[in-house]
Amino acid sequence: MPRSTRNSSAKGGPVTLSMVAARAGVSPQTVSNALNSPDLLRPETLERVRRAIDEMGYRPSRAAQMLRTRSSKLIGYGVRPSPPGTTAPVLDRFLHALSEAADEAGFRILLFASPPGRASLKGYEELLDQHRVDGFLLSDTDERNDPRQAWLAERGVPFVAFGRMWSKRQIGDWVDVDGACGTDAAVEHLIALGHRKIAFLGWQRGSGLGDDRADGWQRAMRRHGLPTRGRRAQSLDDVDAARAAVEPLLDAGATAVVAASDTLALGCFHALRERGATPGRDVAVTGFDDSPMAAVLSPGLTTLAQPLEAVGRECVRLLLARMSDPAAPPERVLLEPTLVIRDSAPAPDA
């Protein structure tokens, strides 16, 4: 079999920028522009150079790029520990989507441990000093008095957050999923099924993310003139806690429960089965996040899927824009989740 020449010349050595220039019939500077400033080239020239790069398998020297551009092509992402007994499927899927989007833009994600509170700032400072990361991606922005945004902004470090700051003062760029829009859509779906006694099972009040999802339920209920008093319960994001918390709602005659997460919805499933009732048939249940368990539950859980691929792309886009123009006004992007209908709250004609 002929030996592949990808990443190497016909003589076995590395492919150089000059060799790519000769292949494309342009100067080495034109190849450099194609890699670093493609907007300077005519479309047909850029296409010819890129085709030569792909055909020859040329990969620029990372060290040389850093010297020329002072860019490490690294985005720091602090990973926070999940509470005991919980999983983080949403953030796992988001990290995969983010990594793909960053890779397409020529960047890599550098993970590091990031405990809550001011202790997390040490990791950010070390990465800036030792690895010269180009910017940061933040998540878990629901923490009260989160110091990260202000600390990074004061130092002029580019960053973008997956999630809003749940305070009056908003700092920096962010991308978030409209939780209120999602639970509003869940209520509309349940009303179309004929439900009027629709309860909400959420997290403790004061959680920005949880209150946002509760607001959508309340907004839709009021729009249809349906009462909400006595139809909201709060719980830790834990199956057993949710099973106990939903009991008063079921005792009060709720025919449907909108849960703020799939974990809470699973607790509702358990509470119904302990009563000899069947989710979907006796009491409709909806969740939020479309976690892996949602599709394998019996019955399948109707839930709201977050557009994590779009979130990842938008985070990278905003971060690159911030790197390019540090003085630009902050940009905030709010994306809508999608209702995934399964048997726990089937389609109206099911």
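Cut-offs and rules
Residues numbered from 1 in each chain as written. Predicted model: local features only at pLDDT ≥ 70, side-chain atom pairs only at ≥ 80, totals over all residues. Heavy atoms only, no water. Buried < 20%, exposed > 50% of the residue type's maximum accessible area, 1.4 Å probe, protein only. Helix = DSSP H or I, 4+ residues; strand = E, 2+ residues; numbered from the N terminus. Arc of directions from axis to C-beta. Contact = heavy atoms within 4.5 Å. Pairing = 2+ DSSP bridges. Axes fitted to C-alpha atoms, helices over the stretch in contact; angles between N-to-C directions. Parallel < 35°, antiparallel > 145°, perpendicular 65-115°, else oblique. Nonpolar A, V, L, I, M, F, W, Y, C, P; charged D, E, K, R; others polar. Polar contact = N/O pair within 3.5 Å; in protein donor to acceptor, adjacent residues only side chain to side chain. Phe/Tyr/Trp six-rings, centres within 6.5 Å; stacked < 30°, edge-to-face > 60°.

A. Spatial organisation of helix H1 (residues 17–24). Taken together, the buried positions of H1 are Val20, Ala21 and Ala24. End-on view of H1: buried residues confined to an arc of 100 degrees, all on one side of the axis. Buried-residue contacts for H1 involve helix H2 (28–36) and helix H3 (43–56). Downstream of H1 by one or two residues, Gly25 has phi in the positive range, about 75 degrees.

B. Broad picture of the sheet that holds strand E6 (residues 198–202). The strand order across the open sheet formed by four strands is E7-E6-E8-E9, and the pairing between neighbours is parallel. For this open sheet the edge positions go to strand E7 (232–234) and strand E9 (284–286), each flanked by a neighbour on one side alone. The sheet shows a mean angle of 20 degrees between the axes of neighbouring strands, direction not considered. Pairing analysis gives three bridges linking E6 to E7, with the strands arranged parallel. By the bridge assignment, Leu201 is partnered in E7 with Ala233.

C. Region of interest: the pairing of strand E4 (residues 159–162). Burial along E4 is two-sided: Phe159 and Ala161 facing one way and Val160 and Phe162 facing the other are all buried. Two strands pair when backbone bridges link them, and strand E3 (residues 135–138) and E4 are joined in this way by three bridges, in the parallel orientation. The residue of E4 that forms the bridge with Phe136 is Phe159.

D. Expanded view of the packing of H2 against H3. Between H2 and H3, the shortest axis-to-axis distance is 10 Å and the interhelical angle comes to 90 degrees. Overall, the two elements H2 and H3 adopt an arrangement that is roughly perpendicular. Along the contact surface, H2 presents Thr30, Val31, Ala34 and Leu35, while H3 presents Thr45, Leu46, Val49 and Ile53. Its residues placed into classes, the contact of H2 with H3 shows six nonpolar, two polar and no charged.

E. Layout of the environment of Thr30. Considering the arrangement of structural elements, one finds Thr30 in helix H2. With ten residues separating them in the primary sequence, Thr30 and Leu40 have C-alpha atoms 9.0 Å apart. Among the polar contacts listed, one links the side chain of Thr30 to the side chain of Ser27, at a separation of 3.0 Å.

F. Quick peek at the sheet that holds strand E11 (residues 332–335). Taken in spatial order, the six strands make up an open sheet running E2-E1-E3-E4-E5-E11, and their pairing is parallel. Here the strands that pair on one side only, and so sit at the sheet edges, are strand E2 (108–113) and E11. Taking each pair of neighbouring strands and ignoring which way they run, the sheet shows an average axis angle of 20 degrees.

G. Representation of the side chain of Arg213. With respect to the helices and strands, the residue Arg213 is situated in helix H9 (residues 208–223). Judged by its relative accessible area of 3%, Arg213 is buried. Dropping the residues within four chain positions of it, Arg213 is found in contact with Gly179, Ala180, Thr183, Phe200, Trp203, Ala260, Phe288, Asp289 and Gln306.

H. Seen up close, unusual backbone geometry. In the segment running from Ser298 into Pro299, the intervening peptide bond is cis, with an omega of 0 degrees. You can see Pro299 is positioned in the loop between helix H13 (292–296) and strand E10 (303–305). At Asp140, a position not held by glycine, the phi torsion is positive, near 55 degrees. You can see Asp140 is positioned in the loop between E3 and helix H7 (148–154). The exposure class of Asp140 is partly exposed, given its relative accessible area of 31%. At Asp290, a position not held by glycine, the phi torsion is positive, near 50 degrees. Looking at the element boundaries, Asp290 is found in the loop between E9 and H13.

I. Broad picture of the packing of aromatic side chains. Within this structure, the stated rule accounts for six aromatic pairs. Centroid distance Phe94 to Phe162: 4.5 Å. Interplanar angle 40 degrees. Geometry classified as tilted. With a gap of 68 residues between them, Phe94 in helix H5 (residues 89–104) and Phe162 in strand E4 connect regions that are remote in the sequence. We classify Phe94 as buried; its relative accessible area is 0%.

Any functional reading would require information that these geometric values do not contain.
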